[in-house]
Amino acid sequence: MKRLWRILGVSLISFMLLLGQTTYADTSISSVQAAYAHVKQIVSQMGQQLTQLETQNTQEESRYQQLHHLTLLAIAKEQRLLLSVSRLKHKIMLDQKRIVRSRKTVDDAKKRLQQQLVFWYEKGTEPYFSVLLGATTLSDLWNRVSDLSLITQKQQVVMRHDQRIVLAFEQLLQKDRQDNVRLDRLLILSKENRNAIAQKSNQAATVVAKLSSLKQSVQVSRAKEFQTMQQLASKLSAMIEQQRLAIERAAALKAAEQKNQAKSNATSSTSSTVTTSSTINGVLTEAITITGVPSSWMNDLQILMMAESGGRPDAISPLYVDGEQASGLFQMLPSTFERYAMAGHTNIWNPLDNAIAAIHYILQEYKAPWNIPGIGTSSYQGY
């Protein structure tokens, strides 16, 4: 787009320079300026719309990045949940194996406890007293009491061991139930997290679709703006070409008019417009004397004078420079002549006054006439 604006700027500058070189085709210039202003307004509006679209596109891309980040976080959380579920399942599986291995031991312990309880409360008292009553001596009684106490202690140890086995088994079952409840909760949380991921993915897909639509709109707007700029450049080029042709026709008419005027002046008896080569050389000699420059300037000044006006003090350039035409013996612009003219020599059409101002200008800009680029050669472009 910058390249288009650069092309448009160059075309516009060229166009304005051409407009400044002629006073013809005012109606055409007005229409071109109006068309340019209208198209420039349209381009400005399209540029604003394009800026708004690009801003909206940036916002949607930022929103998409946020959703993408949230989705990645949810996926990481899902992976952590799955890892926790896997570990918990493994732990439950190990607990279940332990339960299976412990179940037989617990069953045996329960049976032993039941047998001990039955023996103790139902059948144990009778053999106990029978053993005590069967003693024949006091020492035998004491031995029997000691043996029965030892047996009772061993039975109590076995009962406590079996009770611990049953209690541990019950705790293992309770822990297994708690693990199953925790597993159910983790599975529910994982399902909710998956739903959240799916929802965020759908939102991200919607944002991506909207981004695609916005990018397409931006591309269409840019294509329209490019087409409008091309049309404007083509129209300006056509107008510039028309203006150039009009300027060439005007220059041709002006040249023909000046040629006719020159012929008329050549046949006129007015001494103010008839200048011989000897008179021109005298003017240059006088101008050199007045300005105080070296006499070595004479040859280069003659070459410069002939290149600019052909030795005619009444010559006028058909081209306009900033609305002015170069005039006189050394073809000076009126504004430049006024800046370098000498007091008492302010008539641009007077060959002496024109030569004095030209010498002052050459002193200021080139120091000497032979420093003027291309003087006396085919490459000379002006001074």
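Everything discussed here concerns the structure shown above.
Residues numbered from 1 in each chain as written. Predicted model: local features only at pLDDT ≥ 70, side-chain atom pairs only at ≥ 80, totals over all residues. Heavy atoms only, no water.

Draft legend 1. Region of the structure containing the overall build of the chain. Each helix and strand in the chain was counted, giving eight helices and zero strands. For the chain, the sequential pattern of α-helices and β-strands runs α-α-α-α-α-α-α-α. Counting the 383 residues in the chain, one finds 31% classified as buried. Intrachain contacts of the chain at a sequence separation of at least 6 include 67% that bridge at least 24 residues. (Helix = DSSP H or I, 4+ residues; strand = E, 2+ residues; numbered from the N terminus. Buried < 20%, exposed > 50% of the residue type's maximum accessible area, 1.4 Å probe, protein only. Contact = heavy atoms within 4.5 Å.)

Draft legend 2. Expanded view of the pattern of salt bridges. The final tally for this structure, using the stated rule, is one salt bridge. The residue Arg312 makes a salt bridge to Asp314 at a minimum N-O spacing of 3.7 Å. Arg312 sits in the partly exposed class, given a relative accessible area of 38%. (Salt bridge = Lys/Arg side-chain N within 4 Å of Asp/Glu carboxyl O.)

Draft legend 3. Seen up close, helix H8 (residues 351-365). Compared with the 21 Å implied by 1.5 Å per residue over 15 residues, the 21 Å span of H8 between its first and last C-alpha is a close match. Most of H8 sits out of view: eleven of its 15 residues are buried. Within H8, the full set of buried residues consists of Pro351, Leu352, Asp353, Asn354, Ala355, Ile356, Ala357, Ala358, Ile359, Tyr361 and Ile362. One side-chain oxygen at the N-terminal end of H8 lies 2.9 Å from the backbone nitrogen of Leu352; it belongs to Asn350. Of the residues one or two after H8, Lys367 is the one with positive phi, at around 70°. (Expected span 1.5 Å × (residues − 1). Polar contact = N/O pair within 3.5 Å; in protein donor to acceptor, adjacent residues only side chain to side chain.)

Draft legend 4. Local environment of unusual backbone geometry. In this model, Asp322 sits at a positive phi of 55°, which is unusual for a non-glycine residue. Asp322 gets classed as exposed once you look at its relative accessible area, which sits at 76%.

Draft legend 5. Inspection of the packing of aromatic side chains at higher detail. In the structure shown here, the tally under the stated rule is three aromatic pairs. On the basis of an interplanar angle of 80° and a centroid distance of 6.4 Å, the ring pair of Trp297 and Trp370 is categorised as edge-to-face. In this pair, Trp297 sits in helix H6 (residues 297-308) while Trp370 sits in the segment after H8, placing the two residues 73 residues apart along the sequence. On the basis of relative accessible area, Trp297 is assigned to the buried category, the value being 2%. Centre to centre, the rings of Tyr340 and Tyr361 are 5.4 Å apart; their planes meet at 80°, and the pair counts as edge-to-face. You can see Tyr340 sitting in helix H7 (residues 334-340) and its partner Tyr361 sitting in helix H8, a full 21 residues away along the chain. (Phe/Tyr/Trp six-rings, centres within 6.5 Å; stacked < 30°, edge-to-face > 60°.)

Draft legend 6. Inspection of H6 at higher detail. For H6, which comprises twelve residues, the first-to-last C-alpha distance of 16 Å matches the rise-based estimate of 16 Å (1.5 Å per residue) to within 8%. Positive phi appears at Gly310, one or two residues downstream of H6, with a value of about 70°.

Draft legend 7. Structural view of the side chain of His345. As for its placement among the helices and strands, His345 is situated in the loop between H7 and H8. Its relative accessible area of 19% is what places His345 among the buried residues. For His345, the contacting residues outside a window of four places in its chain are Phe337, Leu352, Asp353 and Ile356.

Draft legend 8. View of the environment of Leu82. Of note, Leu82 is situated in helix H2 (residues 26-123). Residue classification places Leu82 among the partly exposed positions, given a relative accessible area of 38%. Each C-alpha atom of the pair Leu82 and Ser190 lies 7.4 Å from the other, and the pair is 108 residues apart in sequence. Setting aside chain neighbours within four positions, we find Leu82 in contact with Ser190 and Arg194.

Draft legend 9. Region of the structure containing the environment of Ile359. Secondary-structure assignment places Ile359 in helix H8. Assessed through its relative accessible area of 1%, Ile359 is described here as buried. Through-space distance from the C-alpha of Ile359 to that of Ile288 is 8.0 Å; in sequence the pair is 71 residues apart. Discounting chain neighbours no more than four positions away, the residues touching Ile359 are Ala287, Ile288, Thr291, Val293, Trp297 and Leu301.

Draft legend 10. Main features of the side chain of Asp353. Following the sequence through the fold, Asp353 ends up in helix H8. One buried charged residue, Asp353, forms no salt bridge at all, with the nearest opposite charge on Arg339 at 17 Å. In terms of polar contacts, Asp353 uses its side chain to reach the backbone amide nitrogen of Asn347, at 3.1 Å. Ignoring sequence-local partners within four residues, the contact set of Asp353 consists of Phe337, His345, Thr346 and Asn347. (Lys, Arg positive; Asp, Glu negative; His and termini not counted.)

In short, the description is geometric, and any link to function would need to be established separately.
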